[in-house]
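# Coordinate inspection notes
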Amino acid sequence: MIPRSSPGLLQAGPRPSHNPSPESPPADVQVLRPYGVGIDTHSRFIQVCVMYQFTTADGPVVVRQREAEFKTHWQELVDAKRWVLKILGPLAEPDALRYCIESTGTYHLPVLKAWQGIPSVVNPLLAGASHRKTDVLDARTLAHHSITGLWKASFIPTEQAQVLRVIWARRREMARRATRAANQINNIVLRFGFTFGADVPMRSMQGESILSDLVEGVPVSIDGAPPEGLPAAVRPVIGALVADLRNTIAEARKATVSTENYIKARDWPIGTGTMQGTELLGILRTVPGVGELTALHWLAEITDPRRFENAKQVAAFAGCDPSLKVSAGKVTSYVRRQGNLRLHQALLYAASGLLRRRDDPLGQWGRSIAGRNKKGGHKKACGAVARRIACALWEVHRRGVPFSYEQYRLAQTIFCPPTPLSRIVPARAVQTLRDVGIRNSDQLVIAYNKGLLAAINGLGERSIALIKEWIAKEGRFERDLRKEISGPAGSGARRAKTYFLAPALAFKKQEANGKESNAETEQTSTQGAPGQDAQAPAARPAGTRRAASAERTRARRTGKGAARRAE
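These notes cover the structure that comes with them. Note that the structure is predicted; figures quoted are calculated from it, not measured.

What counts, and at which threshold
- Residues numbered from 1 in each chain as written.
- Predicted model: local features only at pLDDT ≥ 70, side-chain atom pairs only at ≥ 80, totals over all residues.
- Heavy atoms only, no water.
- Helix = DSSP H or I, 4+ residues; strand = E, 2+ residues; numbered from the N terminus.
- Contact = heavy atoms within 4.5 Å.
- Core = buried A, V, L, I, M, F, W, Y, C linked by side-chain atoms within 4.5 Å.
- Buried < 20%, exposed > 50% of the residue type's maximum accessible area, 1.4 Å probe, protein only.
- Phe/Tyr/Trp six-rings, centres within 6.5 Å; stacked < 30°, edge-to-face > 60°.
- Lys NZ or Arg CZ within 6 Å of the ring centre and 35° of its normal.
- Axes fitted to C-alpha atoms, helices over the stretch in contact; angles between N-to-C directions.
- Parallel < 35°, antiparallel > 145°, perpendicular 65-115°, else oblique.
- Left-handed = near helix turned anticlockwise from the far one by under 90°.
- Nonpolar A, V, L, I, M, F, W, Y, C, P; charged D, E, K, R; others polar.
- Pairing = 2+ DSSP bridges.
- Salt bridge = Lys/Arg side-chain N within 4 Å of Asp/Glu carboxyl O.

## With respect to the environment of tryptophan 83
For tryptophan 83, the location among the structural elements is in helix α1 (residues 74–88). Each C-alpha atom, one on tryptophan 83 and one on valine 50, is 10.0 Å from the other, the two residues being 33 residues apart in sequence. Tryptophan 83 has contacts with Val48, Val50, Arg66, Glu67, Ala68 and Phe70, leaving out every residue within four places of it along the chain.

The following block contains the structure:
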């Protein structure tokens, strides 16, 4: 226990004279910094606590504590910083003053502007989690956090970034008001039997036209509209809400245009310098699924990509980083960190739209994830794609180059060795897979890649989990599967075949050169293997080739026939 020499004065304990554990040399850890400053903010005053190391005349090093209260007037805030610097003396530089401050609403922002330095902005729930809570205790706790280096330095947006956020917040508020007005209109008209809102959005041109007719008392002949119309006393209420809806939509559009013009007229930081806003918005939109609004969301919330060291920090900030709670070596719960909720929502919207695009590799990858889960597949796919979009936006923003799929593994093919289905899933699941045309491991991998497993009736979550485990253990990614299997020209190895899954889960065989095999070849292959199902044209007879060499036989068995014979 550290002895207390006087109130506000802490004395360091005895120091060991030798290494207590010669086998494991200790690491050098800085327990205390030279000083620590804590600030508790309010609307009218701030409470400041300063802790600093001091060497007494007897020799031991102690930590002294000073406290004071200042008003939130600008000159008072400047005087508070001067008071702290006077106490610390040579221990602190004016431009590099470190301090911890609570993030109480926006009350801490004037202090950050007046003090500058290297602040650590801390959530009040983490700063003073105690039953006893006073302004003095909160400031002391923050000063203790500062002197021990508990929190890292926070990112403080520049004035240009603050202006951008204010403009963009106007657009966000107008969009929220428009949604609220549309919901109120739908709530009122539903009371009188108008259900057209389920098919026609209130914010669309058709919806506004219908509402205008209802306000004017004109009969509306559409599905979901009673013939008697709205009551006369309700029409003025709907008219006022429609006017609010139109005004807020117009204001939201103006704010969007204003935000985009502000960005285009200025230079913005990237990884190695700055870039003109027009060019920066252009490269941000090259990321799949990212449009005008998502790019504006990203730039307003991130502003500077250098604030993150790696992609994991970006994913955590965007709320796309999973968090596991582990106790006794077991995962007790799986939660998703909230992060920046505004940016997270924008990324989810972009991911949801990308999943509907059939021509994009990232959208196909997301649909594959959705098709491997019986429950919540779309939500999991949106989260995974949103994380990819966030990391891609950060890389594009940091490097200042357009997006490219060259460094991604999305287009690679999973190759697994031929394995009997009975060794992968239970017997009942094997029969279920055969009923839909999946008769070997090659076809199973293709169905897994395309995300078609969850759509198979009778195939449960446990069987899908076993398939995932088998692919994760045995599978490997191949850049050019055709070259890997067929080998160099003239080697004598047979040409590789690729199996493609049709919409009805029926397979058709294609040669390595991309052309479909002719009917005569398929018929000959089918007749050469009596007893085999005609719906599995990938099977090849092997009885007539038993006399071939062992190497050619092993190469030949990479097709479906090897898997069926093993079964």
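So, next bit.
## Considering the nonpolar core
If you look at the biggest cluster of nonpolar residues, it comprises 46 residues, and the most contacted ones within it are Leu280, Val287, Trp298, Leu347, Ile389 and Leu393. Sort the elements by how many residues they give to this core and helix α13 (residues 377–399) lands first, with eleven residues. Judged by nonpolar contacts, the second largest core, of 24 residues, contains Val50, Tyr52, Val84 and Ala92.

## So, the packing of aromatic side chains
This model, assessed by the stated rule, comprises six aromatic pairs. Geometrically, the ring pair formed by phenylalanine 308 and phenylalanine 317 is tilted, given 5.4 Å between the ring centres and 55° between the ring planes. We note arginine 98 situated over the ring of tyrosine 35; from NZ or CZ to the ring centre the distance is 4.5 Å. The lysine or arginine in question, arginine 372, covers the ring of tyrosine 448, its NZ or CZ lying 3.9 Å from the ring centre.

## Re the packing of helix α9 (residues 292–302) against α13
Relative orientation of the contacting elements α9 and α13 amounts to 70°, with a least axis distance of 12 Å. Taken together, α9 and α13 sit at an angle that is classed as roughly perpendicular. Crossing hand, α9 versus α13: right-handed. Here Trp298, Leu299 and Ile302 of α9 lie close against α13, whose contacting residues are Ala390, Leu393, Trp394 and His397. By residue class, the composition of the contact of α9 with α13 is six nonpolar, one polar and no charged.

## Things to note about the pairing of strand β9 (residues 273–276)
Here four bridges tie strand β8 (residues 267–270) to β9, and the two strands are oriented antiparallel to one another. Pairing of proline 269 across the sheet is with threonine 274, part of β9.

## A look at the environment of tyrosine 349
On the secondary structure map, tyrosine 349 appears in helix α11 (residues 341–355). Classification of tyrosine 349 by relative accessible area gives exposed; the value is 57%. Between the C-alpha atom of tyrosine 349 and that of cysteine 382, which follows or precedes it by 33 residues, the distance is 8.4 Å.

## Quick word on unusual backbone geometry
In this model, glutamine 116 sits at a positive phi of 55°, which is unusual for a non-glycine residue. When its relative accessible area of 49% is taken as the criterion, glutamine 116 is described as partly exposed. Positive phi values are uncommon outside glycine, yet threonine 303 reaches one of about 60°. Its place among the elements puts threonine 303 in the loop between α9 and α10 (311–317). A residue is classified by how much of its surface remains accessible, and threonine 303, at 3% relative accessible area, is buried.

## Re the side chain of glutamate 301
In this fold, glutamate 301 is placed in helix α9. Not counting residues up to four positions away in its chain, the partners in contact with glutamate 301 are Arg165, Arg172, Arg307, Phe317, Asn340, Arg342 and Leu343.

## Let's talk about the pattern of salt bridges
Per the stated rule, a full pass over the model turns up 14 salt bridges. Two residues, arginine 82 and aspartate 79, come together in a salt bridge whose shortest N-O distance is 3.7 Å. Within this pair, arginine 82 and its partner aspartate 79 are both found in helix α1, separated by three residues, close to a single helical turn. Among the residues examined, arginine 82 registers a relative accessible area of 54% and is labelled exposed. Linking glutamate 395 and arginine 399 is a salt bridge whose minimum nitrogen-to-oxygen distance equals 3.1 Å. Highlighted residues: glutamate 395 and arginine 399, both in helix α13, separated by four residues, approximately one helical turn. Using a relative accessible area of 25% as the deciding quantity, one classes glutamate 395 as partly exposed. A single salt-bridge network, built from bridges that share partners, covers Glu173, Arg176 and Arg177.

## Points about the packing of helix α7 (residues 235–264) against helix α8 (residues 277–284)
The relative placement of two packed helices is expressed as an angle between their axes plus a distance between the axes. It is the contact of α7 with α8, at a shortest axis distance of 6 Å, that shows an interaxial angle of 115°. When the axes of α7 and α8 are compared, the pair comes out roughly perpendicular. Facing Glu260, Ile263 and Lys264 of α7, the residues of α8 in contact are Gly277, Thr278 and Leu281. Across the contact of α7 with α8, the residue classes break down as two nonpolar, two polar and two charged.

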